[in-house]
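Architecture at a glance
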Amino acid sequence: MSYLTQKTIKEQVSFEGVALHSGKNVSVNIKPAIPNHGIVFKRIDLKKDNLVYPNFMNVTNTSLNTTIENEFGAKVSTVEHLMGALFGLGIDNALIEIDNEEVPILDGSAKEFIKKILSCGFEISNQPIKIVKINKKVEFFDGERFITIEPSTLSLNIDFELKYKNKVIGNQRNKVKVYEDDLTDIYNSRTFCLYEDIELIKKNGLAKGGSLNNAIVVKDDEILNKNGLRNEKEFVNHKILDCIGDLYTSGFRIIASVKCSQGGHYLTNQLLRKTFKDEKNYSILEIKERNLPHTLINKKVEYSDKGRFISIEPS
């Protein structure tokens with residue numbers, strides 16, 4: 001398998017489930033796409049003007065999810081987990097057909113997306129990949145919260161920290177190298193909330209499809225989910241998953257170091273807007289074998305789940 005050229009999936013992959021915020025049942029079909037197509041959502045419940053591009057400039061809501069919208073008002077919300085899965089697996093091109101305006105939450109993580117896409121396999125083209133290379137440090141602050149992006153020689157590094165007064169969540173921090181590390185814990189980590197926030201969230205018309213089957217709920221010093229956490233840093237790992245998905249609204253994979261404290265969808269989107277506002281901050285490179293970062297050449301895509309293991313190695 002070559003990592004020098006663009007890839008899509010071999011065949012259609014389908015998902016069905018409840019949407020976290022609308023509570024509606026939604027079906028999604030991810031279809032193969034030709035090189036340079038990019039990732040494109042298509043609202044098949046709409047007869048026209050139904051293509052929605054997951055670009056940071058098309059993000060119209062960042063409250064508890066990332067929502068993208070086209071010029072005609074067609075929306076697709078809660079795209080971040082699916083986008084994180086596509087980024088992590090190096091999928092450059094795909095048509096995502098969806099029959100409502102919100103991606104199903106499934107189990108609250110990217111786990112099911114990853115498993116099905118890996119089982120389907122990839123179709124490799126002869127077209128070179130493109131990457132965004134960050135040239136200058138860019139910062140965005142929101143009170144005590146902040147996010148920064150700066151140059152990295154070879155990889156995408158994410159350093160993320162949470163600070164919660166709740167003792168169960170507390171202060172958590174994790175660092176990952178997206179193109180080198182085993183991201184299983186990142187993919188498997190679920191969205192979460194505090195029990196005392198649920199009433200307000202629902203008053204705002206959100207989380208109609210939320211349950212202990214698709215979110216971690218923390219009440220005082222207790223996790224209400226029967227089986228507890230999937231990994232010891234599941235809270236911050238989920239935030240890293242969100243961050244990866246939101247970074248993919250740049251259009252390409254990124255070579256950079258990202259550091260974030262107490263951030264989320266809003267901070268990541270504002271960082272991208274600020275970064276791409278000045279062409280001195282970045283370069284978009286078409287990658288050939290002679291200048292491809294070794295981490296993208298050598299990466300082995302792998303995923304483990306309850307003893308089952310899938311591994312796809314470069315060749």
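To start, this report covers the structure provided alongside it. None of these values were measured; they are calculated from a predicted model.

Before going further, it helps to examine the pattern of salt bridges. Overall, the coordinates contain 9 salt bridges when judged by the stated rule. Between aspartate 159 and arginine 173 there is a salt bridge, and its shortest N-O distance comes to 2.6 Å. Residue aspartate 159 is found in strand β14 (residues 156-163), and its partner arginine 173 is found in strand β15 (residues 171-177); the two are separated by 14 residues along the sequence. For aspartate 159, a relative accessible area of 12% puts it in the buried group.

Moving on, we get to the environment of proline 54. Along the chain, proline 54 falls in the loop between β5 (51-52) and β6 (59-61). For proline 54 and arginine 190, which are 136 residues apart along the polypeptide, the C-alpha to C-alpha distance reads 22 Å. Sequence-distant contacts of proline 54, defined by excluding residues within four places in its chain, comprise Ile39, Val40, Phe41, Ile68, Met83, Tyr248 and Thr249.

Taken as a whole, this structure holds 9 aromatic pairs when the rule is applied. Ring geometry for phenylalanine 15 against phenylalanine 113: centres 4.8 Å apart, planes inclined by 70°, an arrangement best described as edge-to-face. Here phenylalanine 15, found in strand β2 (residues 13-18), pairs with phenylalanine 113, found in helix α2 (residues 111-120); they are 98 residues apart in sequence, far enough to count as distant. Where phenylalanine 56 meets phenylalanine 276, the ring centres are 5.1 Å apart and the plane angle is 25°; that geometry is what we call stacked. On the criterion of sequence distance, the pair formed by phenylalanine 56 in the loop between β5 and β6 and phenylalanine 276 in helix α6 (residues 265-276) is long-range, its members being 220 residues apart. Residue classification places phenylalanine 56 among the buried positions, given a relative accessible area of 7%. Within the aromatic cluster, the residues linked to one another by ring pairs are Phe56, Phe276 and Tyr282.

What counts, and where the lines are drawn
- Residues numbered from 1 in each chain as written.
- Predicted model: local features only at pLDDT ≥ 70, side-chain atom pairs only at ≥ 80, totals over all residues.
- Heavy atoms only, no water.
- Salt bridge = Lys/Arg side-chain N within 4 Å of Asp/Glu carboxyl O.
- Helix = DSSP H or I, 4+ residues; strand = E, 2+ residues; numbered from the N terminus.
- Buried < 20%, exposed > 50% of the residue type's maximum accessible area, 1.4 Å probe, protein only.
- Contact = heavy atoms within 4.5 Å.
- Phe/Tyr/Trp six-rings, centres within 6.5 Å; stacked < 30°, edge-to-face > 60°.

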